[in-house]
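So the chains spell out like this:
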Amino acid sequence: MSRLSWASRGRGGTAPAGAGGGTMFHVNHEPGAEIHHTDPFAVPAGQRSPVRRLRGRLASPVTLWTAPGPAGLTVSSTLVAEGEPDRLLGLVDPESDLWAAVESAGRFAVAPLNPSHRQLADRFAGLFPSPGGLFATGAWTDTPYGPVPTDAGGWAGCRLDAAREYGWGLLVEATIEAVELTGETDPLLHYRGRYRELT
């Protein structure tokens, strides 16, 4: 799903770890309140469904999907299928601003993120403040499919083909119409509720 495939929508999801090994959650706004490096409201590991635990053990690349508008969303459920034509699949939140923009424009961009994009990933997942709007900070390159981070190392321009409910998300099917690769970068990964890097 969207929100890095953790959007629980009331189903006991957890938030990703940010830079420094953990997202901080303020559980008490009184002076001297403790700041936790894990989500204190997360479902304990032993009580999560086996399928949820299995999904957590599948390392996924963190990508940013954007569309004209502009709108954007962090997504960790993206798959590229080579063929004639080349295709792209992903699970997104049907209630997200991104999906509304994709549905309206019929096209979107997908950029793989790298380890320097942890804060950007949190921002577009709705886990980090974005005063002035999601695209107000950072360097962006405009494309016909949506803005992409200038330092992303590459992006794909996609034409929307179809979408349908799939699990708790929306399975988006698209044709890849353009690919631009600007450099080699290591991927930002999502694994067991945290950001990871290749070692």
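We now turn to the structure provided with this report. (Residues numbered from 1 in each chain as written. Predicted model: local features only at pLDDT ≥ 70, side-chain atom pairs only at ≥ 80, totals over all residues. Heavy atoms only, no water.)

Comments concerning the overall build of the chain
Summing up its helical and strand segments, the chain has 4 helices and 14 strands in all. Counting the 199 residues in the chain, one finds 43% classified as buried. A fraction of 64% describes how many contacts in the chain between residues 6 or more apart in sequence connect residues 24 or more apart. (Helix = DSSP H or I, 4+ residues; strand = E, 2+ residues; numbered from the N terminus. Buried < 20%, exposed > 50% of the residue type's maximum accessible area, 1.4 Å probe, protein only. Contact = heavy atoms within 4.5 Å.)

Quick look at the sheet that holds strand S8 (residues 107-112)
With respect to topology, 7 strands assemble into an open sheet ordered S5-S4-S8-S11-S12-S7-S6, the strand pairing being antiparallel. Only two strands of the sheet have a single neighbouring strand rather than two, namely strand S5 (71-75) and strand S6 (78-81). The mean inter-strand angle of the sheet, taken between neighbouring strand axes irrespective of direction, is 30 degrees. Note: strand S11 (residues 154-166) against strand S12 (residues 169-181), 12 bridges, orientation antiparallel. Of the residues in S12, the one forming a bridge with Leu 160 is Ala 174. (Pairing = 2+ DSSP bridges. Axes fitted to C-alpha atoms, helices over the stretch in contact; angles between N-to-C directions.)

Focus: the layout of surface pockets
As a volume, the second largest pocket reaches approximately 540 Å³. Lining of the second largest pocket is provided by 26 residues; of these, Val 80, Pro 112, Gly 154, Trp 155 and Leu 181 occupy positions nearest its centre. Among the elements of the structure, S6, S8, S11 and S12 are those that each provide at least two residues to the lining of the second largest pocket. (1 Å grid on protein atoms, 1.4 Å probe; cavity = no way out; pocket = protein on both sides within 12 Å on 5 of 7 lines; lining within 4 Å. Points joined across faces, edges and corners; volume = space filled by probe spheres on them.)

So, unusual backbone geometry
For residues other than glycine, phi is negative in most cases, and the peptide bonds are mostly trans. Gly 69 connects to Pro 70 through a cis peptide bond whose omega is -10 degrees. Looking at the secondary structure, you find Pro 70 in the loop between strand S4 (63-67) and S5. In this model, Glu 84 is joined to Pro 85 through a cis peptide bond whose omega is 10 degrees. Relative to the helices and strands, Pro 85 is located in the loop between S6 and strand S7 (87-92).

Read these as spatial facts, not as claims about activity.
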